[in-house]
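Per-entry structural report
Take a look at the letters that make up each chain.
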Protein chains: 2
Amino acid sequence: MILTVTLNAALDITYRVPRLRPHGTHRVTEVVERPGGKGLNVARVLASLGHRAVVTGFVGGGTGDALRRLLAESGQVTDALVPVAGATRRTVSVVDAASGDTTQLNEPGPQVTVAEWDAFTDRYTALLRDASAVALCGSLPPGLPVGSYAQLVREAHAARVPVLLDTSGEPLRRGIAARPDLVKPNAEELAGLTGSTEPMRAARDTRRRGAHAVAASLGPDGMLLVTSEGVWRAAPPRRLSGNPTGAGDSAVAGLLSGLVEGLPWPERLARAVALSAATVRAVAAGEFDRTTYEELLPRVTVTAQQAAA
Amino acid sequence: MILTVTLNAALDITYRVPRLRPHGTHRVTEVVERPGGKGLNVARVLASLGHRAVVTGFVGGGTGDALRRLLAESGQVTDALVPVAGATRRTVSVVDAASGDTTQLNEPGPQVTVAEWDAFTDRYTALLRDASAVALCGSLPPGLPVGSYAQLVREAHAARVPVLLDTSGEPLRRGIAARPDLVKPNAEELAGLTGSTEPMRAARDTRRRGAHAVAASLGPDGMLLVTSEGVWRAAPPRRLSGNPTGAGDSAVAGLLSGLVEGLPWPERLARAVALSAATVRAVAAGEFDRTTYEELLPRVTVTAQQAAA
């Protein structure tokens with residue numbers, strides 16, 4: 001199975017309003033709830049690709065109960081979340097029906113205690129035994145030290161399980177120093193990490209800092225992959241517009257599934273780019289459109305760049 | 001005891017954000033949850049005034065569980081809510097810390113079935129036996145006919161329990177035709193009902209339509225009371241600025257407690273105006289500030305107007 005870790009899972013709530021007016025009162029015309037957090041999105045896409053996906057991380061409170069119920073109803077992924085006393089955060093997306101734009105409100109998440117972190121790491125270590133790969137995804141809830149992902153990377157190494165890290169800020173910086181097999185930053189995260197706005201330079205710098213491979217997402221232009229075996233750039237056949245929510249998570253699922261299936265790097269990259277584009281084009285935010293995926297996959301262009309760094 | 005009915009109870013969630021930017025992504029810095037809906041607010045104020053308050057209406061889902069837990073923790077009012085299959089709605093208030101302004105997002109509420117409505121009316125009829133007064137408060141959840149409040153008014157009459165109606169739109173119009181003892185519209189609701197923007201004329205028209213007495217709230221200018229015994233106007237000693245959330249609910253509690261205590265109309269009105277102003281001045285939205293209330297109560301001016309209509 002493939003394990004995904006979402007330390008700050010969320011109950012994603014989408015509100016549709018006719019038009020968002022700051023300081024006004026709005027009747028919400030449509031309410032949609034779904035289990036959220038990057039690792040949960042990755043797991044759903046992995047399941048759609050035919051992989052067994054297990055999700056862990058923290059869950060608590062009434063919002064956590066709602067998340068688990070939705071997860072069980074969908075039946076796609078295995079729930080190995082660890083209970084905490086605090087409540088799972090909500091994220092509220094307010095979609096303005098007039099413009100189609102979205103305003104996002106993200107709760108911080110539960111305070112996690114040292115005892116809860118210990119319970120989680122025990123569970124994580126046990127789950128690694130059966131994992132063919134693990135993805136560590138998203139922000140840290142309050143109370144967890146910035147080195148938490150670095151610790152989880154080291155434990156994956158000890159268990160000889162390939163580990164992908166997808167986070168930002170100081171947890172990303174510290175996690176990279178623990179030498180993950182792959183990181184998937186976007187251009188903004190790369191710039192924050194390295195100070196360089198030039199993706200190739202920034203990705204190479206990120207490898208020097210510890211990441212074995214760097215898959216940098218370049219938004220609608222595709223992805224840049226820098227590894228010890230080579231450097232590739234992949235682009236969809238055309239720039240696709242739509243809702244980018246979850247596109248990065250689909251890319252992670254593409255990379256991870258390709259790794260587990262033993263595909264060569266260029267094929268993993270093509271899959272990541274096609275899944276990402278098919279997510280942007282999907283009707284529901286965070287889902288991918290299978291027809292678009294199957295149409296795009298053979299048409300993604302992957303080009304080798306200069307020799308490996 | 002005093003009974004309050006909240007057919008569309010809510011889990012009120014308040015988010016504080018540094019600055020609300022439409023179409024932006026916001027980290028919520030503070031999350032506060034409380035049981036919401038007009039009747040629940042009225043009951044809390046009644047309890048603070050020393051009355052035993054019982055709340056009924058519908059409750060369901062994980063949000064309903066959260067509401068009931070918060071209600072039980074506060075220990076102020078007795079929970080006689082009736083379970084439904086649908087989930088209790090959320091209301092989200094987004095407070096912009098920079099401006100202090102609030103943006104409100106109100107979910108529609110659960111679909112209520114005919115069987116659930118029947119279960120509720122059985123419970124309501126039983127509760128009326130011990131009630132010295134009843135307040136019917138707020139919007140109707142989806143699925144209930146606009147004549148629902150009219151039915152509840154008639155059942156209160158049958159049980160010889162004085163009934164106050166505080167709603168808006170067509171449910172108010174239909175409820176008034178069932179001859180409630182008192183309605184508490186604001187100027188906007190009065191105008192919607194009667195077509196007149198002149199409060200005295202509109203209040204008299206509302207009596208002709210069926211309400212025995214009309215307490216019209218005039219915002220910071222106080223209230224106008226039109227009854228068969230006389231007409232009074234009451235104003236706070238000064239215009240008070242602050243958060244008007246819950247001010248109308250506090251006025252309902254003032255009117256209802258005064259009725260049950262057998263106070264003359266002018267004293268009920270003074271209490272309603274002082275409680276309402278003390279709610280506007282409170283730090284927490286929807287609470288009233290007791291010191292302000294006690295300071296204002298003897299200083300509210302109540303003046304008799306021309307002879308009763």
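What counts and what doesn't
Note that residues are indexed from 1 along each chain, following the sequence as it is written. Each chain gets a letter, beginning with A, and each ligand a number, beginning with 1, in the order they are written. Only residues with pLDDT of at least 70 get local features here, since the model is predicted, and only at 80 or more are side-chain atom pairs given and counted; chain-wide, interface and lining totals rely on the full set of residues. Values reported for side chains reflect all heavy atoms of the structure, with hydrogen atoms and water molecules removed beforehand. UniProt positions are given in the numbering used here, feature names are shortened, and annotations may be inferred rather than shown by experiment. Salt bridge, as used here: a side-chain nitrogen of Lys or Arg that lies within 4 Å of a carboxyl oxygen of Asp or Glu. For the purposes of this entry, the term helix denotes a DSSP run of H or I that reaches at least four residues, the term strand denotes a run of E that reaches at least two, and both are numbered from the N terminus. Relative accessibility thresholds used throughout: buried, under 20% of the residue-type maximum; exposed, over 50%; partly exposed, between the two (1.4 Å probe, protein chains only). Only buried Ala, Val, Leu, Ile, Met, Phe, Trp, Tyr and Cys residues count toward a nonpolar core, and they belong to the same one when joined by side-chain atoms within 4.5 Å. In what follows, a contact means two residues having at least one pair of non-hydrogen atoms within 4.5 Å. Least squares is the method used to superpose the copies, on C-alpha atoms of residues holding a pLDDT of at least 70 in both. Any two strands are treated as partners once DSSP identifies two or more bridges connecting them. Orientation is described by axes fitted as lines to C-alpha atoms, over the contacting stretch for helices, and by angles from 0 to 180 degrees between their N-to-C directions. Put simply, two rings from Phe, Tyr or Trp (the six-membered ring, in Trp's case) pair if the centres are within 6.5 Å, and we call them stacked under 30 degrees between planes, edge-to-face over 60, tilted for the rest. One less than the residue count of a helix, multiplied by 1.5 Å, gives the span that helix is expected to have. We define a polar contact as two N or O atoms separated by no more than 3.5 Å, with the added condition that, inside protein, one atom must be a possible hydrogen donor and the other a possible acceptor, whereas residues neighbouring each other in sequence contribute only through side-chain atom pairs. In this description, buried area is defined as the sum, over both parts, of the accessible area (probe of 1.4 Å) that is lost when the two are combined.

Chain A appears in an unreviewed UniProt entry as 1-phosphofructokinase family hexose kinase from Streptomyces pactum. The UniProt entry for chain A carries the following comment under Sequence similarities (unreviewed entry): "Belongs to the carbohydrate kinase PfkB family."

1. Comments concerning the pattern of salt bridges
Residue and element names in this part refer to chain B. Inspection of the entire model under this criterion finds 28 salt bridges over all chains. For K184, the salt bridge goes to D166, with nearest N and O atoms at 3.8 Å. One end of the pair, K184, is in the loop between β12 (182-183) and α6 (187-194); the other, D166, is in strand β11 (residues 163-166), with 18 residues separating them in the sequence. The same class applies to K184 as to D166, namely buried.

2. Topic: the nonpolar core
Residue and element names in this part refer to chain A. L182 and M223 are the most contacted members of the largest nonpolar core, which totals 46 residues. The element best represented in this core is helix α9 (residues 265-280), accounting for 9 residues. Excluding residues that lie within four positions of it along the chain, L182 makes contacts with V163, L164, L165, A213, V214, A215, L225, L255 and W265.

3. Some remarks on the relation of the copies chain A and chain B
After a rotation of 180 degrees and a shift along the axis of 0.0 Å, chain A superposes on chain B with an RMSD of 0.0 Å. Here the copies are linked by what is in effect a two-fold axis. Of every C-alpha in chain A, the one belonging to G62 of chain A sits nearest the axis of rotation, 2.9 Å from it. In this assembly the copies share their binding face: 100% of the residues contributing to the interface of chain A also contribute to that of chain B.

4. Some words on the sheet that holds strand β8 (residues 89-96) of chain B
One open sheet accounts for 5 strands, arranged β3(A)-β9(B)-β8(B)-β2(B)-β4(B); its pairing is mixed. Looking at the sheet topology across the chains shown, the edges are occupied by β3 (25-27) of chain A together with β4 (30-36) of chain B. Geometrically, the sheet is characterised by an average inter-axis angle of 15 degrees between neighbouring strands, direction not taken into account. Sheet topology note: the strand β2 (residues 10-17) of chain B/β4 of chain B ladder contains 7 bridges and is antiparallel. Residue D12 of chain B lies in a different strand from β4 of chain B, and its bridge partner there is R34 of chain B. The strands that helix α2 (residues 61-74) of chain B touches are β2, β4 and β8 of chain B; relative to β4 of chain B, the one it contacts most, it runs at about 85 degrees.

5. Focus: the packing of aromatic side chains
Applying the stated criterion to the full structure yields 8 aromatic pairs over all chains. Summarising the aromatic geometry, the rings of F58 of chain B and F120 of chain B are spaced 5.3 Å apart at their centres and angled 50 degrees between planes, so their arrangement reads as tilted. Within this pair, whereas F58 of chain B is found in strand β5 (residues 53-59), its partner F120 of chain B is found in helix α3 (residues 114-128), the two being separated by 62 residues in sequence. Judged by its relative accessible area of 0%, F120 of chain B is buried. Among the aromatic residues, those joined into a cluster by ring pairs are F58, W117, F120 and Y124 of chain A.

6. Focus: the sheet that holds strand β2 (residues 10-17) of chain A
Here we have 5 strands laid out as an open sheet, ordered β4(A)-β2(A)-β8(A)-β9(A)-β3(B), and mixed in their pairing. Lying at the two open borders of the sheet, with one neighbouring strand each, are β4 (30-36) of chain A together with β3 (25-27) of chain B. Here the strands of the sheet are splayed against their neighbours by 15 degrees on average, with no regard to which way each runs. In this sheet, strand β8 (residues 89-96) of chain A lies alongside β2 of chain A in parallel orientation, the contact comprising 8 bridges. Paired with R16 of chain A across the two strands is V95 of chain A, which belongs to β8 of chain A. Here helix α2 (residues 61-74) of chain A sits on the sheet in contact with β2, β4 and β8 of chain A, set at roughly 85 degrees to β4 of chain A.

7. Overview of α2 of chain B
Residues and elements named next belong to chain B. Given a rise of 1.5 Å per residue, 14 residues ought to cover 20 Å, and the 20 Å separating the end C-alpha atoms of α2 matches this to within 8%. Among the structural elements, β2, β4, α1 (38-48), β5, β6 (78-79) and β8 are those in contact with the buried residues of α2. Looking one or two residues past α2, G75 carries a phi angle of roughly 65 degrees, positive in sign.

8. A look at unusual backbone geometry
Residue H23 of chain A is not a glycine yet carries a positive backbone phi of 75 degrees. Examined against the element boundaries, H23 of chain A turns out to sit in the loop between β2 and β3. A relative accessible area of 37% places H23 of chain A in the partly exposed class. Backbone geometry at R179 of chain B places phi at a positive 65 degrees, although glycine is not the residue there. For R179 of chain B, the position within the fold is in the loop between α5 (169-177) and β12. Taking the relative accessible area as the measure of exposure, R179 of chain B reaches 44% and is therefore partly exposed.

9. Some details on the side chain of R34 of chain A
Residues and elements named next belong to chain A. Within the fold, R34 resides in strand β4. The class of R34 is buried, set by a relative accessible area of 15%. Side-chain polar atoms of R34 contact the side chain of N41, separated by 3.1 Å. In terms of polar contacts, R34 uses its side chain to reach the side chain of E287, at 2.6 Å.

10. Comments concerning the environment of P83 of chain B
Along the chain, P83 of chain B turns up in strand β7 (residues 82-83). Sequence separation of P83 of chain B and G61 of chain B is 22 residues, and the distance between their C-alpha atoms is 8.8 Å.

11. Some remarks on the interface of chain A and chain B
Taken residue by residue, the interface counts 28 residues in chain A and 28 residues in chain B. Of the roughly 2300 Å² buried where chain A meets chain B, counting both sides, 56% is carbon and sulfur surface. The largest share of the area that chain A buries against chain B comes from H23, R90 and L105 of chain A, three residues that together contribute 26% of it. At the boundary of chain A and chain B, one finds 2 salt bridges. A salt bridge links E33 of chain A to R90 of chain B, with the shortest nitrogen-to-oxygen separation between them at 2.5 Å. On the surface where chain A and chain B come into contact, there are 16 residue pairs in polar contact (both at pLDDT 80 or more). Looking at the side of chain A that touches chain B, the elements with two or more residues in it are β2, β3, β4, β8 and β9 (102-106) of chain A.

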